[in-house]
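Understanding the architecture of this molecule
The lines below spell out each chain.
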Amino acid sequence: MGYRSRKNAVERSMEKKTVAMILLALGLVLLLPLRAGSQVKTSECLDCHEGYKGYSHGSKSCTDCHSTITSLPHPNSLPRPSCAECHQQVVYLYDQSVHNEKGMACKECHNVHFLQKDKKRCGSCHGNVSHRTLPSSAKHLDRLACIACHGKPVSTQMTVRVVTKGKGAVDPRTIDRNGDQFIDRDEWTSFQGLPRSESQGKFSVEKSYRVEGDMHLITVKPVKCEACHSAKGFFSHARLRFFGKTVTELPIDASIFIPQLPVSAIFAQTVHGRSGVKCADCHTSQKEIAQDRSESDAVCAKCHKEVEDVYNNSAHGTQGVAHCVDCHNPHRIRSYRELDAEERLAVCARCHKDYLSRHSWLPNTSLHFEYLECATCHSPSSRKSMVFYFAQRKQGQKVPLRYDELSVLVGPGADLRNMFGSGRDISVDTQIGQLFINLKKQEPSLLIDAAILVTKVYHDYSITRLEEKKCVICHSRDAHFYESMYFILPQKEGPEYIRIRGTLLSAYPLSTFINISLLGEDKISKRDIDAFLRLKGTAKIDQARALGFKWIDFFGITLIAIILIGVCIHIILRIISRIAVRR
Amino acid sequence: MRGQLHPLALRIWHWVNAAMIIVLMITGASLRISEPKILFGYSSAVLIHKYAGYAVAASFLFWLVYCGVTGSLSRYYVIRSEDLKGMPKQAKFYLFGIFKGSENPFHPTLQEKFNPLQKVAYVFTMCVFTPAVIISGILFSNILFFRSVIDLMGGLRVLDAVHVIAAYAVAVYLVVHLYTSTLGKTPLTHIKEMFTGDEDHVESVGSSSTTRTAG
């Protein structure tokens, strides 16, 4: 039993080894063909990957893309196939797109195994794009492909199909009247206005906008309005296909159909453009905003709420006489500082044409308007400053001096700041006057000019001052602008504003400031005399000096009063004596 | 010697000049009182003042030429030592004598038209204050044009002071002149004379009974 069992065990072990060897040999034989041809047949793949039966990606086989599979069975984990191997150009463009930036793979839009299945369009993901900020969004979305705005179109074409109907179709010359092979606006307008008999029935106009570009290159930011709405826009080379007696194709002025924004070039330079205001911030629809003025004010108020509140409570606002755009052109807007006083005055004068005759009560009317602007008087809450600057008389016009012109007068390289002396406190009466005299010796045409400017405007111009008409509002030492006076010194780097103090009331003994001199001086008042009488010693003398020319009126009127009293006494005495003589 | 104390030309001049000066006084006051609309609108006051000023300047020129040519300037408008001596006597008459019914110590003749006080007042008014007010007024008429002259004078404020001081002097004179014109035989005697020319009263030296006091 023991021997038999030992023999059986040995035999059994031998048999197992033999089976293993055979199996191994079989396995090797089975694998040989793969190794030798490096090819795994698509059909073999589909044996396992049954779901991909009927796949389509052109004539590609599985291993064309899954190129790391050289034999079967393949490893569980395979590297992602590279689309770029075949679609090099597309991938290059895609790399620049917003979709790539967001980490989207090709397969998120393309079903790579079944190219015709699950075709993704823009709307598949962006199904409900409201385009709220796009003016006339429905119209734009209906007519334009997404890439027109969101891509980089390589070719664009607008075609206007005009199909004439009726018995006798219209001759092409009916539309191209001058025969220059181009349809301009006038020709189009007159064509549209053709009487029925001449156009021989109705005609239909269809506009189509063809945009070619690569869908893979969807840009991060959409194009600006000017991409189409300008003379060099996408569809600027429009063609008219005229189906009349014959089919004619002619170029046509695209601006007839695509309104050109007249301001697109200027707008970028405006204060709005510079601060990043976009067309669509105001134009939520292609409907002209200005048609409804209260609506247009509301558009401005989106940003300028504070101004609107002030304005609405002012006379202009409550009477509804003028709206924002009546004074301000939002497409050409310049900041208040960019306008000179003359330009600001011109804004008011658009309506207030009779401003000169209305101010005829004002002595030296035109002279006042040379130095003041409307808001100086009519908007008391506006901030004002009196500014002085060097000017030169050129052909009767006062022209402010530039740095280079002034440095010729004071000597090249000279520090203009030193002209005022070392003191920090610069006074109109002394330093500026002296400087003026010194410079005038060198250049007789030189003058120091001044203006009272509004530095921060308050949109309430309700004060008419009709009742006041008081010269002393400005012509007195208490005038508001004396608190804010600057000398504008042209420097290499730009104008420097130097703070100065003092008043202009004929303060300077020489009438060098004749052009800007404020002749009026406050009259002597009871307060002056009371103060004089109350004071004692040197203070009295100081007060007497301070009164200066005011004494003339005091003595003049006093003298006349005394004489009149004397005359009265004389008359009374004459009457009394005459009565006495008669008795 | 028969003659007119007030020749027609001078009478016309007197009243034209008077009217212009009144206009100047009113407009001048409304300019000086800088709140407009009290007497005149400022702009119209400026305009009227300016042209009335030109008129007075022209009338002054006429007076100067007329008096110079006729010799009345040297005859009536030179203060002599007798005038200075006569001044207290004349002042005494105005202050006391006139009430007592005393006779005016001065009798106007073609040789001596003005009493000493009157003469001093006239000389100062016509030869100092009026020229001063006229010249400064002309400088004011175009500040920019006369700029260098104004600067030489000491500036606009000084010019203004000269004009206004002289104007006050003329105004003081005007008050006195108006009152003394009523000091004739009757209050209207001198005023009438200034229209009629005083023909009936002055015929020759010392023959007049009229007391001439108009100052």
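Residues numbered from 1 in each chain as written. Chains lettered and ligands numbered in written order. Predicted model: local features only at pLDDT ≥ 70, side-chain atom pairs only at ≥ 80, totals over all residues. Heavy atoms only, no water.

1. Some points on the overall build of chain A
Along chain A, the regular secondary structure elements total 26 helices and nine strands. Counting over 583 residues, chain A shows a buried share of 32%. (Helix = DSSP H or I, 4+ residues; strand = E, 2+ residues; numbered from the N terminus. Buried < 20%, exposed > 50% of the residue type's maximum accessible area, 1.4 Å probe, protein only.)

2. Comments concerning helix H4 (residues 81-100) of chain B
Helical geometry note: an α-helix holds 3.6 residues per turn, so side chains three or four residues apart project in the same direction. For H4(B), which comprises 20 residues, the first-to-last C-alpha distance of 28 Å matches the rise-based estimate of 28 Å (1.5 Å per residue) to within 8%. The largest bend in H4(B) is about 50 degrees, located at B:Tyr94. Every buried residue of H4(B) is accounted for by B:Asp83, B:Gly86, B:Gln90, B:Phe93, B:Tyr94, B:Gly97, B:Ile98 and B:Phe99. In this structure, the buried side of H4(B) is in contact with helix H26 (550-582) of chain A together with helix H5 (116-141) of chain B. B:Gly101, located one to two residues past H4(B), shows a positive phi value of around 85 degrees. (Expected span 1.5 Å × (residues − 1). Bend = angle between axes of the 7 residues up to and from the residue. Contact = heavy atoms within 4.5 Å.)

3. Looking at the side chain of A:Ser577
All names here are of chain A. Position of Ser577 among the secondary structure elements: in helix H26. Classification of Ser577 as buried rests on a relative accessible area of 13%. Polar contacts involving the side chain of Ser577 include one to the main-chain carbonyl oxygen of Arg574, which spans 2.9 Å. (Polar contact = N/O pair within 3.5 Å; in protein donor to acceptor, adjacent residues only side chain to side chain.)

4. A few points about a nonpolar patch on the surface
All names here are of chain A. Judged by side-chain polarity, Ile565, Ile569, Ile572, Leu573 and Ile576 come together as a nonpolar surface patch covering roughly 460 Å² of accessible area. Take Ile576: it is sitting in helix H26. Take Ile576: its relative accessible area is 48%, and that puts it in the partly exposed class. (Patch = residues over 30% accessible without salt bridge, like charges linked within 9 Å, V, L, I, M, F, W, Y side chains within 5 Å. Areas by Shrake-Rupley, 256 points an atom, 1.4 Å probe, with all protein chains shown as cover. Salt bridge = Lys/Arg side-chain N within 4 Å of Asp/Glu carboxyl O.)

5. Topic: the sheet that holds strand S1 (residues 155-164) of chain A
Pairing between sheet strands relies on hydrogen bonds along the backbone, with the strands arranged either parallel or antiparallel. Residue and element names in this part refer to chain A. Read from one edge to the other, the open sheet built from four strands follows the order S2-S1-S3-S4, with strand pairing classed as mixed. Looking at the sheet topology across the chains shown, the edges are occupied by strand S2 (203-212) and strand S4 (247-253). Adjacent strand axes in the sheet meet at a mean angle of 25 degrees when their direction is disregarded. In this sheet, S4 lies alongside strand S3 (residues 237-243) in antiparallel orientation, the contact comprising seven bridges. (Pairing = 2+ DSSP bridges. Axes fitted to C-alpha atoms, helices over the stretch in contact; angles between N-to-C directions.)

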